[in-house]
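Descriptive analysis of the structure
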Amino acid sequence: KTLRVAVIGAGRMGADHIKRLSTRIHGAEVAAVVDVDLARAQAAIEGIDRAVALASADEALNNGDVNAVLIATPGFLHEEILYKALEKDFPILCEKPLTPDAGSAWKVVQAEQALGHKRIQVGFMRRFDAEYSALGAIIRNSELGELLMLHHQHRNPSTPEGFTNEMLINDSVVHEFDAIRFFTGEEITSVQVRLGKPTRSAPSGQHDPQHVLLETESGVLADVEIYVNAKFGYQVATQASFEEGIVSIGSDNGPYVQTAGKWGGNVTPGFEERFGAAYDVEVQAWVDAALRGEIGGPTAWDGYATAACCEAGVEAQKSGEKVKVQLNTKPDLYK
Ligand code: INS
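Given the structure is predicted, the values throughout are model-derived calculations rather than measurements.

Broken down by element type, the chain carries ten helices and 15 strands. Scaling as 2.2 N^0.38, a compact globule of 335 residues should have a C-alpha radius of gyration of about 20 Å, and the chain matches this with 20 Å. Once the C-alpha set of the chain is aligned to its principal axes, its extents read approximately 60 × 55 × 45 Å. Residues classed as buried in the chain amount to 53% of the 335 residues present. Of the contacts formed within the chain by residues at least 6 apart in sequence, a portion of 71% connects residues at least 24 apart. By element, 50% of the accessible surface of the chain is carried by carbon and sulfur atoms, the whole surface being about 15,200 Å². The centroid of the 31 positive side-chain charges in the chain is displaced by 2 Å from the centroid of its 46 negative side-chain charges.

In structure tokens form, the structure reads like this:
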């Protein structure tokens, strides 16, 4: 059996997934690529056997050759495609965020619940990063005693056009919301955002960097420096403080070069390079699980819970207050 995947959205992430599906991933093939810019969809299928370029998600979902969906459009466009794909009962890999706000994410959770089984895997790829897995295991096995604090740095070189102040939370810190839930196995209970001295490199309307402070159910404190116009390169790093030690992950490592009177190496340029291997593992896990009728990673509940954190985060950005995260009761399907 093979997944015949419709990739919806042929932008930066979609194009990256198309390449991975048609080269490194086993058990899946690109059957269709959809983009409002048909020329972009056409360019993306070049060299791929039996793949078609289409201008609408509807056409792709109703194409008899398609039996799975990878959604890589901007976040605010996910909701409509999710419902249509659920109606078809197709395996779905939906890039983060599931939807941009908690209300719409909850409706998606309810639609999946009505279906009676999990079909949606959300693209929180960091869970598949080797160092993330290793730190997760150290926490779960209490190897260094209890986890007490998490310090996160999330830095991007620059932001694409139209990247709003809210998107620092909804598009960027959403990864840390999921990471903190993944590491602790707990929900996040409150979010606070501090705005300090901004860089002069931020486009107008964006306050950058921001300092996000969080608490989990058991009182683990976490902080995130989100800095999206940091210029120097791409960096996602975490330092975890335990009763019996400190664990650091995500530093650029190697090759370490000494030449011409200098020593050093290269800074990671973007998320494709930083998380390339994690994306491969994530998509393979999705495919393998889908062929068994299951999902292989973060659920629609994770998408909803992080959306609730984002909503609290955006409110906290505006008010400067510590905002409680409100969650509905977790449905049995996700327990
Ligand atoms: C991107 C992507 C990256 C993240 C960026 C975000 O959409 O999710 O992993 O570092 O902040 O804008």
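It is worth spelling out the pattern of salt bridges at this point. A full pass over the atoms with the stated rule returns 25 salt bridges. Taking the shortest distance from any N to any O, the salt bridge between arginine 4 and aspartate 65 comes out at 2.5 Å. Of this pair, arginine 4 sits in strand β1 (residues 3-8) while aspartate 65 sits in the loop between α3 (57-61) and β4 (68-71), and the two are 61 residues apart along the sequence. Judged by its relative accessible area of 6%, arginine 4 is buried. Linking arginine 127 and aspartate 302 is a salt bridge whose minimum nitrogen-to-oxygen distance equals 3.5 Å. A residue pair is termed long-range when its members are at least 10 positions apart, and arginine 127 in the loop between β6 (120-123) and α6 (130-140) and aspartate 302 in helix α10 (residues 300-319) qualify at 175 residues. Residue aspartate 302 is classed as buried on the basis of its relative accessible area, which comes to 10%. When salt bridges that share partners are traced, they join Arg127, Asp178, Arg181, Glu187 and Asp302 into one network.

It is worth spelling out the pairing of strand β11 (residues 235-242) at this point. For β11, a buried count of seven out of eight residues is recorded, marking the element as mostly surrounded by other parts of the structure. Where strand β7 (residues 147-155) and β11 come together, eight bridges link them in antiparallel fashion. For glutamine 153, the partnering residue across the bridge sits in β11 and is alanine 237. As paired strands, β11 and strand β12 (residues 245-249) are joined by five bridges and run antiparallel to one another. Bridge pairing links threonine 238 to isoleucine 249 in β12. As consecutive antiparallel partners, β11 and β12 are separated by two residues.

For the rest of this paragraph, the subject is the layout of surface pockets. Taken as a whole, the largest pocket holds about 1,300 Å³ of empty space. Along the walls of the largest pocket sit 48 residues, with Ala72, Thr73, Pro74, Gly75 and Asp171 positioned nearest its centre. Among the elements of the structure, α1 (12-23), α3, α4 (78-87) and α7 (165-184) are those that each provide at least two residues to the lining of the largest pocket. With five residues, α7 is the single largest residue contributor to the lining of the largest pocket. Broken down by class, the residue content of the lining of the largest pocket amounts to 23 nonpolar, 15 polar and ten charged. Two domains each provide a minimum of three residues to the lining of the largest pocket, namely domain 1 (3-124 + 277-298) and domain 2 (127-269 + 305-334). Approximately 170 Å³ is the volume attributed to the second largest pocket. Mapped onto the lining of the second largest pocket, the elements with two or more residues apiece are α6 and α7. Residues of the lining of the second largest pocket, tallied by class, amount to four nonpolar, four polar and three charged.

What counts, and at which threshold
Residues numbered from 1 in each chain as written. Predicted model: local features only at pLDDT ≥ 70, side-chain atom pairs only at ≥ 80, totals over all residues. Heavy atoms only, no water. Helix = DSSP H or I, 4+ residues; strand = E, 2+ residues; numbered from the N terminus. Rg over C-alpha atoms; globule rule 2.2 N^0.38 Å. Buried < 20%, exposed > 50% of the residue type's maximum accessible area, 1.4 Å probe, protein only. Contact = heavy atoms within 4.5 Å. Areas by Shrake-Rupley, 256 points an atom, 1.4 Å probe, with all protein chains shown as cover. Lys, Arg positive; Asp, Glu negative; His and termini not counted. Charge placed at Lys NZ, Arg CZ, Asp CG, Glu CD. Salt bridge = Lys/Arg side-chain N within 4 Å of Asp/Glu carboxyl O. Pairing = 2+ DSSP bridges. 1 Å grid on protein atoms, 1.4 Å probe; cavity = no way out; pocket = protein on both sides within 12 Å on 5 of 7 lines; lining within 4 Å. Points joined across faces, edges and corners; volume = space filled by probe spheres on them. Nonpolar A, V, L, I, M, F, W, Y, C, P; charged D, E, K, R; others polar. Domains from an automatic or database assignment.

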